[in-house]
Amino acid sequence: MSEHSADQPVTPLNVVGRSLERNDGLGHVTGRDIYTADRTFPGMLHLKLVRSPVHHARLRGIDLRESEKVPGYVAALTAGDVPHNLYTILGLIGVEPEEEWVLTPIGERVRFKGEGVAAIVAETEAAALEAVARARLDLEELPAVFDMDEALAPGAPVVTHWGNNTFMYEGHECRRVRFGDVEAGFASADHIIEGEYRASPIEHAPVETTGCIAVPDPNGRFTVYTNTQALYFSLDNTSIILQVPGNRLRFIGGMVGGGFGGKVDVIVEPLATLAAMKTGRPVRFVYSRAEEMQISSTRSPEIIRIKDGVMADGRIVARKVVGLMDCGAYSRQTPYAVTKFAANAAGPYNIANVWIDGYCVYTNRTPTSAMRGFGVTMGSFALEVQMDKIAERVGLDPWTIRLRNAYRNGDIKPHRKVVEDATLIETIQAAAKLVGVELAPELQAMTSAPRQAEPEGAVR
Amino acid sequence: MTVANYFQPESVPEAIGLLADHGPELLVIAGGTIAMPLINEGISLPSQVMGLRRAGLDGINLDGYTMRIGAMVTLTRLGEQYHVPLLATDAGRIAGWSIRNMATVGGNIFAPPPAGDLATALLALDARLTISGAHGERELALADFWTGFMTTSLEPDELLTSISVPLDVEPSAFIKFGRKQANTPSVVTVAVTAGRIALGAVGPHPIRARQAETVLAAGLLDRATIATAADAAAAECDPATDAIATDWYRRRMVRVMVERALTELAAKSKGKEA
Amino acid sequence: MGSVVINLNLAGREVELLVKPLATLQSVLRNQLGLTSVKEGCRQGGCGSCTVLIDGEPMMSCLLPVQDVAGRTVTTMEGLNSPEGPTPIQQAFLDHHGYQCGYCTPGMEIVTTALLEHNPQPTRDQIVEALAGNVCRCTGYQPIVASIAAAAASAGEEVR
């Protein structure tokens, strides 16, 4: 309770402290809420993508002659139909360069198995699927890479168009944080403790698959019903890709059957809207379950390597963290994830000497993207296992190790932000009380109040 | 290709007549739990389909020493009968409630590994199949029915109509080991009864662990014999690697689960609680 | 293309439909009858969001040729909804937050309806087993189990 509120009069609270029924509760429990794929429109067409069956190849040709013969086939879109075909979804927040194709042009490389090469629109979903099955692609296969260490080694197949397999941060191969002098810290430490932590990709697997329906309005605008988690993000990117002003697009959403970060990639709206423009009819583009599991983005695989210099009393005096995050064939949200990682990779601890390298690594895997705390969640896993390892090595318990290293108000984090409103120490103390662990008096007496003196052993 | 005809024959002769008319082009569906996902995904594109729900194949008949189960009896229904506890237990461990209401005993015999849990128990029971065709009826042991991965000796003009199992075979033991507690594909399935050991998900189809059975036949069902039999079963199985488990893990789990199943069987044989 | 006329009994109403051969019950309910409480999650019988009752028994409508249930009673959420407000099962799901995104909810409630019909006093294990074929990616299942236990209790019996 802050000092501020002690002086405030107590007013009756209408919402805080009460259990409220959500305003979509009734619609959900009666099954009456309308989700994207529940909608249907007169004359609605179905869009399905012709996708690369191989991981890495030069696209030499697309043959849709047999597709066109399927009863119900209406139209196809290829790279030349897309006004702004090369894009990056984070372009909206200034991330460069543009690197992902909406549809792969002939002469360019497909970079992951499932990459979309042509869009086929048909009267029924079955006709679209059959037309897709009859498409023939001329592909010159190339060596592929699926492992990050391999991708970073000399001689690896190159995924990007700029020659190396890392996203470039202002000319650097990784996001870097430098604070103090880790080598001097290691030299002064009583223990050097290293750990390597790996996380597998995780598919969000929402029960509702990704999808949208783009409907031409009578006034030349388009209404797009979509289950994206990021309505304005999707609208703006569609505007860029189709080169139409945003005020010609009306996006309707908010009813999402599970997202978890898996519906932020703006992957269906641009093509559905383009197809609606080309045909003048509503176009539905909804992922099958197989597409949702195989093609849609996942949480990135990660390798986090930590090297700590630790004193006999448990204080960490130097921490070096190198994190590799596999963005797959295209970077999507991972550059942002790596930036977040770098900002948090020392953990909530007061460490005088820190070196962090965060890499966004390209491989020929399915592009990865956002998922629940992306960039930080797995980092926390790695850091906290490492803390337990440290505790074991120096002969202290996990509570002591964390409290001794916990940051406090006024401490400077490695990326130069000053710690404010810290409650880590108090939270650990409350947790100990909750589970019946009695902390030593010196630990129980700790608070997040600013330190009075320089931390012992600091090397700057 | 869209489906041109969906036939719903109301008798076995009618079904066989349709098979004779259309040959291998006619896709036969029982519960639909295997065929319909493939059709829905556009992987299977049949033009002519025959469904067997109305063909009168859903009866369960007892006759003296055997129970004759119609090929279209659902897993739920099989789970409710008490004449052959091994089958009731097995059926209840497959998929979830809705799928059990649809999936059939006959269909399970054609389910590719790692599916085929019920077929595994039927194999342990030394089930006999009745197959009807244009030329009449024939019977053969389930053990002789599979010829390889997803292939059987069923001729294009034939229909599996019923499965017979002996009634008096208790005690038995059944273990389905998966990665979840329920509604999960098998890492390994084990069914043991009357000196027979059947394994599922560790071969091109459910298999009898014959070497292990020889070990059992030679001695008492004591700890040492059980261990030796389990070793033999692990050595003679032929597991594949798939998204569920690797071949080496399946082989290890055969060792563990066969031992557990035989131990359970031994305890039951002595009349004690397992 | 050989469309066929069939009859279904939907929530006490006889409905006559023209259907394509092997059309699934799911596609007919959603696309021809507008009964979109029947969801589409996988079309493989793996997620349970398409669960309906056929003569009171739960089945996956995505795997069921509609012609196979001609003449039978089909129950969807629309057939269970009441104009007077949430049914007891629905109220229990509201009270115990047995939903988040809502996509699996109709399927869960359909199975619940069948479960409590068969077994008005299910144990917790029996509830969990009944739900084995229905996937929820949001709640972690505990609030759903709690909702069902509460629904059973509110029907006047104690849950063991």
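Residues numbered from 1 in each chain as written. Chains lettered and ligands numbered in written order. Predicted model: local features only at pLDDT ≥ 70, side-chain atom pairs only at ≥ 80, totals over all residues.

1. Digging into the overall build of chain B
Defined as follows: Helix and strand definitions follow DSSP, with helices as H or I runs of at least four residues and strands as E runs of at least two, each counted in order from the N terminus. As a reference, a globule follows 2.2 Å times the number of residues to the power 0.38, and the radius of gyration itself is taken over C-alpha atoms. Exposure criterion: with C-beta atoms placed from backbone coordinates, a residue whose C-beta has 20 or more other C-beta atoms within 10 Å is buried, one with 12 or fewer is exposed, and one in between is partly exposed. Remark: residues whose backbone-derived C-beta atoms lie within 7 Å of one another are considered to be in contact.
From N to C terminus, chain B includes 10 helices and 14 strands. Since a compact globule built from 274 residues should have a radius of gyration of about 19 Å, the 19 Å found for chain B is in line with a globular shape. Counting over 274 residues, chain B shows a buried share of 50%. Partitioning the contacts of chain B with sequence separation of at least 6, the portion at a separation of at least 24 is 63%.

2. Thoughts on the domain arrangement of chain B
Residue and element names in this part refer to chain B. What counts here: As annotated, the domain borders come from an automatic or database domain assignment. Residues are sorted three ways: Asp, Glu, Lys and Arg are charged, Ala, Val, Leu, Ile, Met, Phe, Trp, Tyr, Cys and Pro are nonpolar, and all the rest, Gly among them, are polar.
Per the domain assignment, the segments making up chain B are domain 1 (5-51), domain 2 (60-166) and domain 3 (172-269). The straight-line distance from the C-alpha centre of domain 2 to that of domain 3 is 20 Å. At the interface, 23 residues of domain 2 touch 24 residues of domain 3. Taken together, the elements giving at least two residues each to the side of domain 2 that touches domain 3 come down to helix 4 (85-92), helix 7 (117-124) and strand 8 (146-148). Tallying contributions element by element places helix 7 first for the side of domain 2 that touches domain 3, with 6 residues. For the side of domain 2 that touches domain 3, the class distribution of residues is 14 nonpolar, 5 polar and 4 charged.

3. A look at the domain arrangement of chain A
Interface size, as often reported, equals the accessible area lost upon joining of the parts. All names here are of chain A. Each assigned domain of chain A is listed here: domain 1 (38-141 + 205-294) and domain 2 (175-202 + 300-444). Here domain 1 and domain 2 have C-alpha centroids that lie 39 Å from each other. With 18 residues of domain 1 in contact, the opposing surface of domain 2 contributes 17 residues. The residue inventory of the side of domain 1 that touches domain 2, partitioned by class, reads 6 nonpolar, 7 polar and 5 charged.

4. Brief notes about the packing of helix 4 (residues 105-118) of chain C against helix 6 (residues 142-154) of chain C
Residue and element names in this part refer to chain C. Rules: Axis lines are fitted through C-alpha atoms, for helices just across the contact stretch, and the angle between N-to-C directions can take any value from 0 to 180 degrees. The hand of a helix crossing depends on one turn: near helix anticlockwise from the far one by less than a right angle means left-handed, and clockwise means right-handed.
The N-to-C vectors of helix 4 and helix 6 enclose an angle of 35°; their axes lie 11 Å apart at closest approach. In this structure, helix 4 crosses over helix 6, and the sense of that crossing is right-handed. Between helix 4, through Met108, Thr112 and Leu116, and helix 6, the contact on the second element is made entirely by Ile144, Ile148, Ala151 and Ala152.

5. Structural notes on the interface of chain C and chain B
Listed per partner, the contact involves 24 residues of chain C and 24 residues of chain B. Within the residue set of the side of chain C that touches chain B, elements represented by two or more residues are strand 4 (57-60) and helix 5 (124-130) of chain C. Taken together, the residues of the side of chain C that touches chain B sort by class into 13 nonpolar, 7 polar and 4 charged.

6. Quick look at the interface of chain A and chain B
On the chain B side, the residues contacting the 6 residues of chain A number 4 residues. Per-element accounting of the side of chain A that touches chain B gives the leading share, 4 residues, to helix 4 (residues 125-133) of chain A. Classifying every residue of the side of chain A that touches chain B by side-chain character gives 4 nonpolar, 1 polar and 1 charged.

7. A look at helix 10 (residues 334-344) of chain A
For helix 10 of chain A, the set of buried residues is Thr334, Pro335, Ala337, Val338, Phe341, Ala342 and Asn344 of chain A. For helix 10 of chain A, the secondary structure elements touched by its buried residues are strand 9 (175-179), strand 18 (316-328), strand 19 (353-362) and helix 11 (377-394) of chain A.

8. Section: the pairing of strand 1 (residues 4-10) of chain C
Residues and elements named next belong to chain C. Put simply, the rule reads: Pairing between two strands is assigned when DSSP locates at least 2 bridges connecting them.
Of the strand pairs in this sheet, strand 1 and strand 2 (residues 13-19) are connected by 7 bridges, and their pairing is antiparallel. Each bridged residue has a counterpart across the sheet, and for Asn7 the counterpart in strand 2 is Glu16. A loop of 2 residues connects strand 1 with strand 2, the two strands running antiparallel in sequence, and Ala11 in this loop sits at a positive phi of about 50°. Sheet analysis places strand 1 next to strand 5 (residues 73-75), joined by 2 bridges and oriented parallel. Bridge pairing in strand 5 links Asn9 to Thr73.

9. Let's talk about the sheet that holds strand 1 (residues 45-51) of chain A
All names here are of chain A. Taken in spatial order, the 7 strands of this open sheet run 3-7-1-15-12-13-14, and their pairing is mixed. What marks the edges here is a single partner per strand, and that holds for strand 3 (73-77) and strand 14 (249-252). Averaged over neighbouring strand pairs, the angle between their axes works out to 25° when direction is ignored. Relative to strand 13 (residues 222-226), strand 12 (residues 211-216) runs antiparallel, the two sharing 5 bridges. Along strand 13, the bridge assignment pairs Cys212 with Thr226. Strands strand 13 and strand 14 of the sheet are contacted by helix 7 (residues 231-242), whose axis makes an angle of about 150° with strand 14.

10. Comments concerning the nonpolar core
To keep it simple, the criterion reads: A set of buried residues drawn from Ala, Val, Leu, Ile, Met, Phe, Trp, Tyr and Cys, joined through C-beta atoms within 7 Å, is what defines a nonpolar core.
Within the largest apolar cluster, 143 residues are counted, with the highest numbers of intra-cluster contacts made by Ala121, Leu122, Leu199, Ala229, Ala233, Val254 and Val258 of chain B. Setting aside residues up to four positions removed in sequence, Leu122 of chain B forms contacts with Ala127, Leu142, Ile163 and Val165 of chain B. Within the second largest apolar cluster, 60 residues are counted, among which are Ala118, Val224, Leu274 and Val286 of chain A.

11. Overview of the sheet that holds strand 6 (residues 128-133) of chain B
Residues and elements named next belong to chain B. Strands sit in the order 4-5-10-6-7 across an open sheet of 5 strands; the sheet is antiparallel. With partners counted over all chains shown, the strands left at the sheet margins are strand 4 (60-63) and strand 7 (136-141), one partner each. Going across the sheet, the axis of each strand differs from the next one's by a mean of 25°, ignoring polarity. Of the pairings in the sheet, the one linking strand 6 to strand 7 comprises 6 bridges and is antiparallel in character. Considered in strand 7, the bridge of Ser132 is made with Glu137. Where helix 1 (residues 12-22) meets the sheet, its contacts fall on strand 6 and strand 10 (158-166), and the angle it forms with strand 10 comes to roughly 135°.

12. With respect to the pairing of strand 10 of chain B
Residue and element names in this part refer to chain B. Most of strand 10 sits inside the fold, with 7 of its 9 residues counted as buried. Alignment of strand 5 (residues 66-70) against strand 10, held across 5 bridges, turns out to be antiparallel. When the bridges of strand 10 are listed, Ile69 appears paired with Ile163. One ladder, built from 6 bridges, connects strand 6 with strand 10; its direction is antiparallel.

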